[in-house]
Amino acid sequence: MSASNLIDGRTIAAQVQAGLASRISQLAAKGVQPGLAFVRVGEDPASRVYVGRKEKACELLGIHSETFVLPETTPEAELLDRIRQLNDNPRLHGILVQAPLPVHIRQSTVYSTVSPSKDVDGFHPMNMGRLLLGDSSGFRPCTPAGILELLARSGVNTAGAEVVVLGRGNIVGKPLAALLCQKDRHANATVTLCHSATRDLPSHCLRADILVAALGVAEFVKASMVKPGAVVIDVGVNRVPDPAAPSGSRLVGDVAFAEVQPLAAKITPNPGGVGPMTIAMLLSNTVRAAEQFTA
Ligand code: GUN
């Protein structure tokens, strides 16, 4: 199949962001500029890159952002204090604490401390609970929301489809499975959530009309695991050694792209697929947080 089966995440993300520009203008007319706080703990190289991209996207769209970088050794209590300060700061409508966090910090405690009304990551238990209940008043986690948007805007019909999600993480797999099974126009799928204890994982993959790889294993999904004509969404970002690359390594997804692309009806490139959508949905959640703050 030709390159025309690519789901172009950059173009779709640009469409989402174009839709936000008019809402940002309406807020500006009321004297409000959406504001987003980034909190990064330690110097994880990937987190630095991700937060940098998100900062740049804010700047391009006219969203105010402030980044707080705390040392790797920061005590949990200090991080929680910082989050409470941000909860009380009226200039900042959204708060994103970049994962992964150092091991001495409890992720669940951190995400429970972010005010649900500023939780543009959608990780607070209240927003996760709303998601599970099909209550659209909460914030949806950015990567799962971005995947739904990619599918909808690419004309992929999820209703009644067999969707197989690989990976049960709290950031992607679990919330994505919950979203896709909702009785909703762009969901309504039959969802199978596979993980490290799943027996005969390839047999599940081969049933999938839509296969989402979010398990964090480089090029895990091979052509032999994909039903011809399936839609394949690759969430993975994995660094692998590559002696031919100037840096000695390169990034690959969870899908063996070269061998799977010819089989797929549609497939996300990586990079340029899910990643830009995660950022677009973060901006979307932030604009919504600002609108709700001013309402
Ligand atoms: N690390 C990887 N993805 C995400 C995300 O969507 N939000 C946050 N806060 N950290 C992440």
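Thresholds, definitions, all that
- Starting afresh in each chain, residues are numbered from 1 along the sequence in its written order.
- Per-residue local features of the predicted model are confined to residues with pLDDT of at least 70, and side-chain atom pairs are confined, for both listing and counting, to 80 or more; whole-chain, interface and lining totals are unaffected and use all residues.
- Here the side-chain values reflect all heavy atoms present in the structure, with hydrogen atoms and water set aside.
- Any residue with a non-hydrogen atom lying within 4 Å of a molecule or strand is treated as near it.
- N or O atoms within 3.5 Å of each other form a polar contact, as long as, within protein, one can give a hydrogen and the other can take it, and as long as residues adjacent in sequence are counted only when both atoms are side-chain atoms.
- Values of accessible area rely on a 1.4 Å probe in the Shrake-Rupley scheme; residue burial ignores everything except the protein chains shown.
- The nonpolar class holds Ala, Val, Leu, Ile, Met, Phe, Trp, Tyr, Cys and Pro. Asp, Glu, Lys and Arg form the charged class, and all remaining residues, Gly among them, are polar.
- Any Lys or Arg side-chain nitrogen located within 4 Å of an Asp or Glu carboxyl oxygen qualifies as a salt bridge.
- Strands here mean DSSP runs of E at least two residues long; helices mean DSSP runs of H or I at least four residues long; both are numbered from the N terminus.
- Relative accessible area decides the class of each residue, using a 1.4 Å probe on protein chains only: under 20% of the type maximum gives buried, over 50% gives exposed, and in between gives partly exposed.
- Contact between two residues is taken to exist if any of their heavy atoms lie within 4.5 Å; hydrogens are not considered.
- Following DSSP output, two strands are said to pair if at least two bridges run between them.
- Fitted lines through C-alpha atoms serve as axes, helices being fitted only where they are in contact, and the angles separating the N-to-C directions of these axes extend from 0 to 180 degrees.
- The span one expects for a helix is its residue count, reduced by one, times 1.5 Å.
- Pairing of aromatic rings covers Phe, Tyr and Trp, the last counted by its six-membered ring, and requires centre-to-centre distances within 6.5 Å; plane angles under 30 degrees mean stacked, over 60 mean edge-to-face, and any other angle means tilted.
- Only buried residues count toward a nonpolar core. Its members are Ala, Val, Leu, Ile, Met, Phe, Trp, Tyr and Cys residues joined through side-chain atoms within 4.5 Å.
- A right-handed crossover is one whose linking path, passing over the helix from the first strand to the second, runs clockwise when the strands point away from the viewer.
- We call a pair of cysteine sulfur atoms a disulfide when they lie within 2.5 Å.

A. Up close: the site of the ligand. Lining the immediate surroundings of the ligand are Leu96, Val97, Gln98, Ala99, Tyr111, Asp121, Phe123 and Ile171. Within the side chain of Gln98, a nitrogen or oxygen atom sits 3.3 Å from a nitrogen atom of the ligand. A distance of 2.6 Å separates a nitrogen atom of the ligand from a polar side-chain atom of Asp121. When the ligand is considered free in solution it has 280 Å² of accessible area, and contact with the protein chains removes 84% of it. Looking at the shell around the ligand, its residues break down into six nonpolar, one polar and one charged.

B. Region of interest: the pattern of salt bridges. Across all of its chains, the model carries nine salt bridges by this definition. Its salt-bridge partner being Asp81, residue Arg84 comes within 3.2 Å of it at the nearest N-O pair. Of this pair, Arg84 and Asp81 both sit in helix H3 (residues 76–87), three residues apart, which is roughly one turn of the helix. A relative accessible area of 42% means that Arg84 is categorised as partly exposed. A relative accessible area of 42% places Asp81 in the partly exposed class.

C. Representation of the side chain of Ser47. Along the chain, Ser47 turns up in helix H2 (residues 45–61). Take Ser47: its relative accessible area is 3%, and that puts it in the buried class. Once residues lying within four places of it in the same chain are set aside, the contact partners of Ser47 are Arg40, Gln98, Ala99 and Pro100.

D. Inspection of the sheet that holds strand E4 (residues 162–166) at higher detail. Read from one edge of the open sheet, five strands run E5-E4-E6-E7-E10, paired in parallel fashion. Here the strands that pair on one side only, and so sit at the sheet edges, are strand E5 (190–194) and strand E10 (266–267). Where helix H7 (residues 173–180) meets the sheet, its contacts fall on E4, E5 and strand E6 (210–213), and the angle it forms with E5 comes to roughly 165°.

E. Local environment of the sheet that holds strand E2 (residues 64–70). Reading across the sheet, the three strands line up as E2-E1-E3 and stay open at both edges, with parallel pairing between neighbours. With partners counted over all chains shown, the strands left at the sheet margins are E2 and strand E3 (94–97), one partner each. The mean angle between the axes of side-by-side strands here comes to 15°, regardless of whether they run parallel or antiparallel. Relative to E3, strand E1 (residues 35–41) is paired through four bridges, and the arrangement is parallel. Its bridge partner being in E3, Leu36 is matched across the sheet by Gly94. Along the sheet, H2 makes contact with E1, E2 and E3, crossing E1 at roughly 170°.

F. Summary view of helix H1 (residues 9–29). With 21 residues, H1 ought to run about 30 Å at 1.5 Å a step, and its terminal C-alpha atoms sit 31 Å apart, in line with that. Among all positions in H1, only Gly9, Ile12, Ala13, Val16, Gln17, Leu20, Ile24 and Leu27 are buried. Close packing links the buried residues of H1 with H2, helix H6 (142–153) and helix H10 (274–294). Measuring from the backbone nitrogen of Arg10 back to the side-chain oxygen at the start of H1 gives 3.1 Å, which picks out Asp8 as the cap. The positive-phi residue at the C-terminal boundary of H1 is Gly31, with phi of around 80°.

G. Quick peek at the packing of aromatic side chains. On inspection of all chains with the given rule, the structure shows one aromatic pair. Relative to Phe123, the ring of Tyr111 lies with its centre 4.9 Å away and its plane at 85°, an arrangement referred to as edge-to-face. A residue pair is termed long-range when its members are at least 10 positions apart, and Tyr111 in helix H4 (residues 107–113) and Phe123 in the loop between H4 and helix H5 (125–133) qualify at twelve residues. Relative accessible area serves as the criterion here: at 6%, Tyr111 is assigned to the buried category.

H. Inspection of the nonpolar core at higher detail. Ranked by internal contacts, the top residues of the largest apolar core, which has 51 residues, are Ile147, Val212 and Ile233. Examining the composition of this core, we find that ten residues originate from one element, H10, more than from any other. Non-local contacts of Val212, meaning those with residues more than four positions away in its chain, are made with Ile147, Val163, Val164, Val165, Leu166, Leu176, Ile233 and Val235. Ala37, Leu80, Ile83 and Val110 belong to the second-largest nonpolar core, a separate cluster that totals 19 residues.

I. Summary view of the pairing of E5. Examined bridge by bridge, E4 and E5 share five bridges and lie parallel to one another. Bridging across to E5, Glu162 finds its partner in Thr190. At this point the chain moves from E4, through H7, to the parallel E5, and the crossover so formed is right-handed.

J. Local environment of the state of the cysteines. Applying the stated rule across the entire model yields zero disulfides. Of the cysteine sulfurs around Cys181, a residue in no disulfide, the closest is that of Cys194, at 15 Å. Looking at the unpaired Cys205, the closest cysteine sulfur is the one in Cys194, lying at 5.8 Å. Exposure remark for Cys205: the relative accessible area of 1% places this residue in the buried category.

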